[in-house]
Amino acid sequence: MILAAGLSPAWQQIADFAQLHPGQVNRASQVHWCASGKVLNAAIAVHRLGSPCRGLSVAGGPAGHALQTDMQSEGVAMQWIETAASSRVCTTIRETAAGRTTELVENAPALTEQELDTFLDRFANEAATADVLILSGSLPAGTPSDYYRTLLQRTDRPAVLDIRGRELIEALTCHPRVVKPNREELAATVDIAINDEAGLRQAIHQLQDRGADWVVVTDGAGPVYAASPNEAWRLDPVAPRQVVNPIGCGDCLAAGLAVAIEQGRGLVDAVKLGMGTAAANLENLLPARIDPARAEALTTSVHATRLPW
């Protein structure tokens, strides 16, 4: 069983416009709503891939109620911590003529000390029966930067971390199985300019020296670089049939990694499954609502090249 946990879910609005005109009245051609945010996207993707999954997150107010209802309709088993603050609402704007996507992100609301303590206790209980963990998403304002480390100290399960910055650095002392920053997040986390493979290698080694086992670095539509203590690879993504909505691709990659780890796959096969799942996500309007057969088909087309690191 895979446990996906995080503190920053979002009730997501996806609005389509032929073209966005800033400063003017814009009328959407269609609007969709769904549960989203990194933790929920990861849980949905794991569930769609066919692995047993539970989610643990927070919800409050009308948006929180909508989150709970939509996750129930998706068939994902969830544990919710009810919060005094209303859950955030984020908006994806798709410009159909230009093929451009703009994301309007509301920061996750602050949680009370009691809510954070309740989440810690619930996490320890849920993690005790999990095989693999996914911890993802930014920390709400006022949450201690070592909160993810505190979570990991309550379990010995292998973890996939999709976090960044200070909270990632703090969590590395718990030796997570995978950390999955994108290239920009990695550079900011270790304060190194990454202009070539030499800079990337240096940044990856910093994370490994601090405690990471596998490091998987994404770069939008570019190659994915993956390294363990004994090997390093560049994996070239496959082209989807069409790009419908890129939101949630990183979350789907994290889900694929977790599923592969649960199945006992090695680094390369795990990253391939993650990339196939992310590519399948690109073809869908709603994030993480992937077709598992399509994800597996795309996985087989990912090309891996071993690097002399």
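A brief structural summary. Note that this is a predicted model, so its numbers are computed, not measured.

## A look at the sheet that holds strand β13 (residues 232-236)
Phase 1 of the analysis: Within the open sheet, the 10 strands sit side by side as β5-β4-β1-β8-β9-β10-β11-β12-β13-β14. Their pairing is mixed. This sheet does not close on itself; its edge strands, each paired only once, are β5 (77-82) and β14 (303-306).
Phase 2 of the analysis: Two elements, strand β1 (residues 2-5) and strand β4 (residues 53-59), share 4 bridges in a ladder whose sense is parallel. What sits directly across from A4, in β4, is G55.
Phase 3 of the analysis: Running at roughly 170° to β5, helix α2 (residues 61-74) makes contact with β4 and β5 of the sheet.

## A word on the packing of aromatic side chains
Phase 1 of the analysis: In the structure shown here, the tally under the stated rule is 2 aromatic pairs.
Phase 2 of the analysis: Ring centres 6.1 Å apart and planes at 15° place the aromatic pair W11 and W33 in the stacked group. Placement of W11 in strand β2 (residues 10-17) and of W33 in strand β3 (residues 30-36) is noted, with a sequence separation of 22 residues between them.
Phase 3 of the analysis: Assessed through its relative accessible area of 15%, W11 is described here as buried.
Phase 4 of the analysis: Where F119 meets Y147, the ring centres are 6.4 Å apart and the plane angle is 45°; that geometry is what we call tilted. With a gap of 28 residues between them, F119 in helix α3 (residues 113-127) and Y147 in helix α4 (residues 147-152) connect regions that are remote in the sequence. Both residues of the pair, F119 and Y147, count as buried.

## A closer look at the state of the cysteines
Phase 1 of the analysis: According to the stated counting rule, one finds 0 disulfides in the structure shown.
Phase 2 of the analysis: Looking at the unpaired C34, the closest cysteine sulfur is the one in C90, lying at 11 Å.
Phase 3 of the analysis: Cysteine C53 shares no disulfide, and the gap to the nearest cysteine sulfur, in C252, comes to 12 Å.

How each quantity is defined
Residues numbered from 1 in each chain as written. Predicted model: local features only at pLDDT ≥ 70, side-chain atom pairs only at ≥ 80, totals over all residues. Heavy atoms only, no water. Pairing = 2+ DSSP bridges. Helix = DSSP H or I, 4+ residues; strand = E, 2+ residues; numbered from the N terminus. Contact = heavy atoms within 4.5 Å. Axes fitted to C-alpha atoms, helices over the stretch in contact; angles between N-to-C directions. Phe/Tyr/Trp six-rings, centres within 6.5 Å; stacked < 30°, edge-to-face > 60°. Buried < 20%, exposed > 50% of the residue type's maximum accessible area, 1.4 Å probe, protein only. Disulfide = S-S within 2.5 Å.

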